[in-house]
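Report on the structure
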Amino acid sequence: MKKISYLASISFIFVASCKEKKEEMKTDIQPPIAKIVPHTLEKHGDVRTDNYFWLNDREDKEVIDYLNKENEYYEKMTAHTKKLQDDLFKEMKARIKEDDTSVPYFYNGYYYITRFEKGNDYPIYARKKGSLDAKEEIMFDCNEMAKGHSYFNLSGLSVSEDNKWATFGVDLVSRRQYTIQIKNLETGEILSDKIENTTGGSTWASDNKTIFYTKKDSKTLRSDMIYKHIINTSVDKDEQVYHEKDDTFATFVYKEKSKKYIVIGSSSTLTSEYQILEANNPNGKFRVFQKRTRGLEYSISHYGDSFYIVTNKDGATNFKLMKTNEQKTTMENWSEVIPHRNDVLLEGVDIFKKYLVVEERSNGLNKIQIRPWSGEGAYYLPFESETYTAYTTTNPDFDTDILRYAYQSLTTPSSVIDFNMETKDKTILKEQEVLGGKFDKNNYVEERIWATATDGTKVPISMVYKKGIKKDGSNPFLLYAYGSYGASMDPYFSTTRLSLLDRGFIFGIAHIRGGEDLGRQWYEDGKLLKKKNTFTDFIDCSKYVIDEKYTSSKHLYAEGGSAGGLLMGAIINMAPELYNGVVAQVPFVDVVTTMLDDSIPLTTGEYDEWGNPNEKEYYDYMLSYSPYDNVKAQDYPNMYVSTGLHDSQVQYWEPAKWVAKLRAVKTNNNLLFLNTNMDAGHGGASGRFEALKDVAKEFSFLLDLEKIKE
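About the thresholds
- Residues numbered from 1 in each chain as written.
- Predicted model: local features only at pLDDT ≥ 70, side-chain atom pairs only at ≥ 80, totals over all residues.
- Heavy atoms only, no water.
- Core = buried A, V, L, I, M, F, W, Y, C linked by side-chain atoms within 4.5 Å.
- Buried < 20%, exposed > 50% of the residue type's maximum accessible area, 1.4 Å probe, protein only.
- Contact = heavy atoms within 4.5 Å.
- Phe/Tyr/Trp six-rings, centres within 6.5 Å; stacked < 30°, edge-to-face > 60°.
- Helix = DSSP H or I, 4+ residues; strand = E, 2+ residues; numbered from the N terminus.
- Lys NZ or Arg CZ within 6 Å of the ring centre and 35° of its normal.
- Pairing = 2+ DSSP bridges.
- Axes fitted to C-alpha atoms, helices over the stretch in contact; angles between N-to-C directions.
- Parallel < 35°, antiparallel > 145°, perpendicular 65-115°, else oblique.
- Left-handed = near helix turned anticlockwise from the far one by under 90°.
- pLDDT = per-residue confidence, 0-100.
- Polar contact = N/O pair within 3.5 Å; in protein donor to acceptor, adjacent residues only side chain to side chain.
- Salt bridge = Lys/Arg side-chain N within 4 Å of Asp/Glu carboxyl O.
- Expected span 1.5 Å × (residues − 1).
- Nonpolar A, V, L, I, M, F, W, Y, C, P; charged D, E, K, R; others polar.

Bringing the nonpolar core into the picture now. In terms of nonpolar packing, the biggest core is built from 111 residues, with Met463, Phe538, Ile571, Tyr579, Trp610 and Trp658 touching the most fellow members. If we skip the residues at most four places from it in the chain, phenylalanine 538 touches Leu479, Tyr480, Ala481, Ala510, Ile512, Ala558, Leu567, Met568, Ile571 and Tyr579. Membership of the second largest hydrophobic core comes to 17 residues, among which are Phe352, Ile368, Tyr405 and Ile417.

What follows covers the packing of aromatic side chains. To describe a pair of aromatic rings, you give the distance between the ring centres and the angle between the ring planes. For the coordinates displayed, the defined rule picks out 40 aromatic pairs. Aromatic pair phenylalanine 212 and phenylalanine 286: ring centres 5.8 Å apart, planes at 90°, arrangement edge-to-face. One end of the pair, phenylalanine 212, is in strand β11 (residues 210-216); the other, phenylalanine 286, is in the loop between β16 (272-278) and β17 (287-290), with 74 residues separating them in the sequence. Each member of the pair, phenylalanine 212 as well as phenylalanine 286, is classed as buried. Chaining the aromatic ring pairs together yields one cluster made of Phe252, Tyr254, Tyr261, Tyr274, Phe289, Tyr298, Phe307 and Trp334. Taking NZ or CZ as reference, lysine 93 lies 5.0 Å from the ring centre of phenylalanine 689, over its face.

It is worth spelling out the sheet that holds strand β27 (residues 402-409) at this point. With antiparallel pairing, four strands are arranged side by side in an open sheet as β26-β27-β28-β29. The strands lining the two open edges of the sheet, one partner per strand, are β26 (388-392) and β29 (426-431). Ignoring strand direction, the axes of neighbouring strands in this sheet form an average angle of 25°.

Two numbers describe how helix α7 (residues 532-547) lies on helix α8 (residues 563-574): the axes approach to 9 Å, and their chain directions differ by 65°. When the interaxial angle is binned, α7 and α8 end up roughly perpendicular. Considering how the two elements wind past one another, α7 and α8 form a crossing that is right-handed. Within the contact between the two elements, α7 uses Thr534, Phe535, Thr536, Phe538 and Ile539 and α8 uses Leu566, Leu567, Met568, Ala570, Ile571 and Met574.

Within strand β19 (residues 306-311), six of the six residues are buried, which leaves it mostly tucked inside the rest of the structure. Of the two faces of β19, the one holding Ser306, Tyr308 and Val310 and the one holding Phe307, Ile309 and Thr311 are both buried throughout. Between the end of strand β18 (residues 298-303) and the start of β19, which pair antiparallel, lie two residues, with glycine 304 showing a positive phi angle near 60°. With six bridges joining them, β19 and strand β20 (residues 320-325) adopt antiparallel strand pairing. If you follow serine 306 over to β20, its bridge partner there is asparagine 325.

Here we take up the environment of phenylalanine 701. You can see phenylalanine 701 is positioned in helix α13 (residues 690-705). Between the alpha carbons of phenylalanine 701 and proline 637 there is a distance of 13 Å; along the sequence they are 64 residues apart.

Turning to the confidence of the model for the protein chain, a few remarks are in order. Taken as a whole, the protein chain shows an average pLDDT of 91; of its residues, 94% reach a score of 70 or greater. Counting contacts from residues 1-26, a segment whose pLDDT is below 50, to residues more than four positions away or on other chains yields 82 contacts. Counted against residues more than four places away or in other chains, residues 681-685, with its pLDDT under 50, gives 22 contacts.

Looking now at helix α11 (residues 616-625). Buried within α11 we find Tyr618, Tyr619, Tyr621, Met622 and Tyr625. Residues of α11 that are buried make contact with β1 (39-43), β2 (46-50), α7, α8, α9 (591-596) and α10 (607-610).

Further remarks concern the side chain of arginine 127. In this fold, arginine 127 is placed in strand β5 (residues 124-129). By relative accessible area, arginine 127 is classed as buried at 2%. Looking at arginine 127, its side chain comes within polar contact range of the main-chain oxygen of asparagine 163, at 2.9 Å.

Turning next to the environment of proline 382. The topology assignment puts proline 382 in the loop between β25 (379-380) and β26. Looking at proline 382, the relative accessible area reads 71%, which means it is exposed. Between the C-alpha atoms of proline 382 and leucine 296, which are 86 residues apart in sequence, the distance is 33 Å.

To continue, consider the pattern of salt bridges. Enumeration over the complete set of coordinates arrives at 44 salt bridges. The residue lysine 430 makes a salt bridge to aspartate 100 at a minimum N-O spacing of 2.8 Å. One end of the pair, lysine 430, is in strand β29; the other, aspartate 100, is in the loop between α3 (82-94) and β3 (105-107), with 330 residues separating them in the sequence. Overall, the relative accessible area of 24% leaves lysine 430 in the partly exposed class. The salt bridge involving aspartate 608 is made with arginine 294; its shortest N-O contact spans 2.9 Å. Residue aspartate 608 is located in helix α10, and its partner arginine 294 is located in the loop between β17 and β18; the two are separated by 314 residues in the primary sequence. The buried category is assigned to aspartate 608, whose relative accessible area is 13%. Within the structure, one salt-bridge network assembled from shared partners comprises Glu297, Glu516, Arg520 and Glu524.

Now for α7. Given a rise of 1.5 Å per residue, 16 residues ought to cover 22 Å, and the 22 Å separating the end C-alpha atoms of α7 matches this to within 8%. Among all positions of α7, only Thr534, Phe535, Asp537, Phe538, Ile539, Asp540, Cys541, Ser542, Val545 and Ile546 are buried.

Phi at lysine 424 is positive, roughly 70°, even though this residue is not glycine. As for its placement among the helices and strands, lysine 424 is situated in the loop between β28 (415-420) and β29. By relative accessible area, lysine 424 is classed as partly exposed at 49%.

The next point concerns the packing of helix α2 (residues 61-77) against helix α12 (residues 653-665). Axis separation between α2 and α12 bottoms out at 12 Å; the angle between their running directions is 65°. Crossing of α2 against α12: the hand is left-handed. Listed contacts from α12 to Tyr66, Leu67, Glu70 and Tyr73 of α2 are Ala656, Val659, Ala660 and Arg663. In terms of residue class, the contact of α2 with α12 is made up of six nonpolar, no polar and two charged.

The strand order across the open sheet formed by four strands is β18-β19-β20-β21, and the pairing between neighbours is antiparallel. The open sheet is flanked by β18 and β21 (335-338), the only strands paired with a single partner. Taken pair by pair, the neighbouring strands of this sheet meet at an average axis angle of 30°, ignoring direction. By the bridge criterion, three bridges tie β20 to β21 in an arrangement that is antiparallel. Bridged to leucine 321 within β21 is isoleucine 338.

In structure tokens form, the structure reads like this:
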């Protein structure tokens with residue numbers, strides 16, 4: 001259910017000028033009506049009737065037929081926007097440099113590069129030995145690999161320490177179940193080894209022949225087992241190294257930056273545990289770093305003869321940094337390096353030979369601190385804007401003075417920067433190009449404002465718009481939010497968003513509780529039995545931008561995906577009158593039924609986020625806001641709902657049932673569309689430009705509601 005979608009997106013769409021023509025179209029094009037098959041659900045003595053439970057079967061031809069009919073209805077009702085969609089697609093694509101290349105990074109004797117070629121959708125992964133002037137070695141051309149597949153995704157590329165072998169994972173369905181294979185980078189041969197149903201990633205031991213990888217439960221898709229494979233041996237003989245039996249935890253494996261240790265991690269929403277093994281001893285036994293204790297979260301980084309631990313130990317809500325000897329890893333041996341601070345969230349560290357780099361968040365803003373190991377002269381990188389995002393990127397080299405980080409804001413394209421931590425010199429290696437010759441960051445305004453929530457809490461809103469906009473209530477305004485899992489929605493630059501801004505839209509991000517935007521407590525105050533704060537925060541932010549005359553309810557639109565789709569479902573039940581339209585992408589809306597079904601991917605691992613409805617207190621609270629359960633006879637905004645048939649995070653039937661129920665009970669004739677990608681999953685279409693077509697659908701929906709054509 002996690003997100004991660006960052007694309008922006010949303011009365012009647014009838015274009016004929018006369019009322020008679022509108023009525024004729026409305027009569028001719030009727031929405032599909034899902035049949036009603038009452039299904040009784042009972043828990044804690046409470047009985048619910050789900051009339052659309054039957055849609056929960058992607059193998060049922062009648063279900064597929066219904067989804068196709070919804071797609072046909074959408075296509076017919078939006079036929080008049082096809083040119084607009086096509087124009088938007090071409091416009092957005094034209095801003096993107098097709099023959100683009102990543103900033104190379106140096107690791108273990110090679111420069112690694114990801115590049116795109118003009119006319120192709122997928123990346124090419126390449127490397128050059130020793131120098132950027134060396135001959136290019138193409139490791140993987142995903143354009144060739146994707147041929148004949150409607151969906152393709154390569155993930156988890158990992159090169160052995162001798163630079164000879166590479167493991168990679170491929171997903172051809174968009175269900176995040178990857179098949180791992182191994183390629184000989186010297187000969188180009190792909191070995192016959194095929195490891196099915198994995199997370200895609202794998203980790204090489206130092207012997208250059210042993211890999212560790214994570215398998216998934218075939219039904220729930222929980223990452224629950226770590227296996228060991230030796231190249232040129234049968235996959236059937238792979239040894240299970242670890243089985244995570246607690247179904248609220250997921251497991252994973254990686255190698256420390258120092259290359260000394262292979263690490264198995266296990267994590268749930270509130271608790272973590274790690275096991276370590278020397279990378280040069282792949283047949284040895286992993287030892288527990290610090291056994292799991294409910295509520296204890298920690299992560300580890302190896303340096304020298306020690307581990308550095310970011311942890312919430314001893315009530316450090318915003319986390320602190322501790323240190324321990326690599327031979328004495330249990331928490332009674334941990335000593336404090338950076339203490340807990342009530343107003344600063346410690347998000348992570350990056351370790352170099354001479355420096356400790358600390359990523360923090362205070363007052364909702366990213367901070368990067370450089371701390372020499374000598375203990376003298378610590379300093380922060382200077383950032384001036386209030387609507388920016390900055391974070392460290394690819395820093396695999398341990399013995400270097402160069403820190404690579406990225407910076408962007410709502411008006412500033414993303415930049416990759418090399419910063420010399422010794423001299424403090426900064427080199428911008430690359431700034432995202434916006435093609436077309438029309439973009440000038442000085443034509444736009446970015447600002448951060450603070451709305452007051454119902455309980456008095458101040459909630460920040462980051463926004464961007466074109467210069468010259470008047471605060472008279474007439475501006476179309478798209479307000480986006482997520483608000484779950486402690487995921488912070490930092491301000492980011494988007495070339496696609498320019499298509500809205502240049503047509504007069506204001507775009508805003510509401511940094512509501514449930515994320516970690518203002519620290520760990522911000523998250524704690526938007527989960528479990530405080531989840532409704534997430535919804536009321538968004539509603540209060542909506543009211544604020546209306547009161548301040550940035551927009552009005554006739555021109556306000558809301559957008560959210562996945563858990564942000566839950567947010568959309570909640571706000572339209574609670575305050576539908578505030579919005580002219582809503583875009584809900586892969587929305588998690590059938591909260592209670594899903595959380596009661598432990599066979600659905602991710603369910604049991606979500607109990608610490610939403611609550612366990614097998615306990616009556618949580619059942620009652622979740623039922624009080626679950627969007628599907630709270631649909632009622634009232635007017636609803638215009639809505640565009642999207643999903644993917646193979647979604648592994650939010651099952652397609654949640655939005656399908658939700659739309660069916662809304663159709664049956666809503667009391668107005670506002671638009672309601674369900675658009676299902678029959679080939680894709682949670683992340684939408686694959687391919688660099690194919691995904692722009694989904695954005696064009698969302699934007700055309702919004703622009704058509706505003707009757708903005710150019």
